[in-house]
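In case you want the letters, here they are:
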Amino acid sequence: MTAGATVAQRPPRPARSRKRGSGRWLGWLYASPTALFVVLLFLLPLLLVLQMSGSDWPLLGGNQGVNFPDNYVKAFSNRFFMESVGFTLLYTVITTVILLGLALGLAMLVQESSRWKGFLRTAILIPSALGLASASLLFYVLYSPIAGPFADLMKAWGFTFLGTPEGALWSTVFLIVWRYAGFYMLLMLVGLQGIPEEVYEAARIDGASRWQTFRGVTLPLLKPTLAHTTVLCVTGSLLAFEQFYILTKGGPDNSTITVVQLIYSVAFQGPNNLGVAGALSVIVLVALIIVNIAQIRAFGQKEDAL
């Protein structure tokens, strides 16, 4: 290079690339609260549960060493494990079938109703604004044979809502249906409103009846919404805890113990063994993943078949 030569300067960075770089960092900044939330409230607890499931970990005393196979053996051999699994599956099937059918019917009702549409939507959706624990306490008072509004009737007829295994199950199912029917109705209503009106007009022109339109138009186009609501309902039912803990305490005669109740009992009420409770939690997590994948694939195959 000669003495008089000037050093070549780097061309200025284009404004578009600078904006793209700043936009990328701005996106990370906006996503950071959610990422922090997921890490603190999901990933770290998950790692802790995995560690507990393979350790000798009493409630008071901390980690006492590796105990990997024994915790899972104790979890499967727990005398209430199979009973809780069977009851949870029964409860899940009942609530899923009733909730999805009722929610779809209510959604079609409030969609077609014109005069009372606003009133019906509000009235059905109001119970969803109440917390599950609060709703359970409310129904606990309603079902009470001492202070409930049906106390005299129960004494005269000699029955109690929560006094038998069947009564406790169906009383809890009624609570859940009352609490969540409006929420699932709202999801179904969004799916119904997403179906183009032209499709229904074409079906009417072809002379299809209401049942044929429902079976050939509404249900196939509502498949994504049905899949979403089914996954939510099944997952929530498999993780049922508050309603049974408040209403039945697992009774009568340990007939309404769910899997999550069993985890809570092992950890805090019975053996006070966080290791076994962690193993039960991992089992439930794996089962949930398998069930949800199976549901999504089943709905996907049905949609492809249509």
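Residues numbered from 1 in each chain as written. Predicted model: local features only at pLDDT ≥ 70, side-chain atom pairs only at ≥ 80, totals over all residues. Heavy atoms only, no water.

Naming follows an unreviewed UniProt entry, where the protein chain appears as Multiple sugar transport system permease protein of Leifsonia aquatica. Quoted verbatim from the Sequence similarities (unreviewed entry) field of UniProt, the annotation for the protein chain is "Belongs to the binding-protein-dependent transport system permease family." (UniProt positions renumbered as here; feature names shortened; annotations may be inferred.)

> Requested: an account of the overall build of the protein chain, with residues and values cited.
Looking only at helices and strands, the protein chain features 13 helices and zero strands. Residue burial in the protein chain is summarised as follows: out of 306 residues, 37% are buried. Taking as baseline every contact in the protein chain between residues at least 6 positions apart, the subset at least 24 positions apart corresponds to 67%. Split by element, the accessible area of the protein chain, about 18800 Å² in all, is 67% carbon and sulfur. (Helix = DSSP H or I, 4+ residues; strand = E, 2+ residues; numbered from the N terminus. Buried < 20%, exposed > 50% of the residue type's maximum accessible area, 1.4 Å probe, protein only. Contact = heavy atoms within 4.5 Å. Areas by Shrake-Rupley, 256 points an atom, 1.4 Å probe, with all protein chains shown as cover.)

> For the side chain of Thr92, give the residues involved together with the corresponding values.
Structurally, the position occupied by Thr92 is in helix α3 (residues 81-112). A polar atom in the side chain of Thr92 sits 2.7 Å from the backbone oxygen of Thr88. The residues contacting Thr92, other than those within four sequence positions of it, are Val234, Ser237 and Leu238. (Polar contact = N/O pair within 3.5 Å; in protein donor to acceptor, adjacent residues only side chain to side chain.)

> Before we move on, could you go through the packing of aromatic side chains and cite the residues and values that matter?
The description of an aromatic ring pair rests on the distance of the ring centres and on the angle between the ring planes. Scanning the model with the defined rule gives 18 aromatic pairs in all. For the ring pair Phe159 and Phe161, a centre distance of 5.6 Å and an interplane angle of 75° mean the geometry is edge-to-face. Taking relative accessible area as the criterion, Phe159 reaches 30% and is therefore assigned partly exposed. Residue Phe161 is classed as partly exposed on the basis of its relative accessible area, which comes to 23%. Grouped by ring-pair contacts, the aromatic residues Phe139, Tyr143, Phe150, Trp157, Phe159, Phe161, Phe174 and Trp178 constitute a single cluster. In this structure, Lys249 is placed above the aromatic ring of Tyr245, and the distance from its NZ or CZ to the ring centre is 5.3 Å. (Phe/Tyr/Trp six-rings, centres within 6.5 Å; stacked < 30°, edge-to-face > 60°. Lys NZ or Arg CZ within 6 Å of the ring centre and 35° of its normal.)

> Help me get a handle on the environment of Glu166, residues and values and all.
Residue position: Glu166 is located in helix α7 (residues 165-193). On the accessibility criterion, Glu166 (53% relative accessible area) is exposed.

> Quick rundown of the side chain of Ser84? Include the residues and the values.
If you trace the backbone, Ser84 turns up in helix α3. Beyond its immediate chain neighbours, meaning those up to four positions away, Ser84 contacts Ile257, Thr258, Val259 and Leu262.

> A description of the pattern of salt bridges should follow, citing residues and the corresponding values.
For the structure shown, the criterion picks out one salt bridge. Across the pair Arg204 and Glu197 runs a salt bridge whose closest N-O atoms are separated by 3.2 Å. Judged by its relative accessible area of 43%, Glu197 falls in the partly exposed class. (Salt bridge = Lys/Arg side-chain N within 4 Å of Asp/Glu carboxyl O.)

> Tell me about unusual backbone geometry, and please be specific about residues and values.
At the junction of Gly251 and Pro252, the peptide bond is cis and its omega measures out at -5° in the coordinates. You can see Pro252 is positioned in the loop between α11 (242-247) and α12 (259-269). The phi angle at Asp253 is positive, at roughly 55°, despite the residue not being glycine. Among the secondary structure elements, Asp253 is positioned in the loop between α11 and α12.

> Break down the UniProt feature "transmembrane region" (unreviewed entry) in the protein chain for me, with residues and values.
Under the local residue numbering, the UniProt record ascribes the feature "transmembrane region" (unreviewed entry) to residues 25-50, 89-110, 122-147, 167-187 and 274-294. Counted over residues 89-110, helix gives 100% and strand 0%. Its end C-alpha atoms are 31 Å apart. This span, residues 274-294, is 100% helix and 0% strand, and a straight line between its end C-alpha atoms measures 30 Å.

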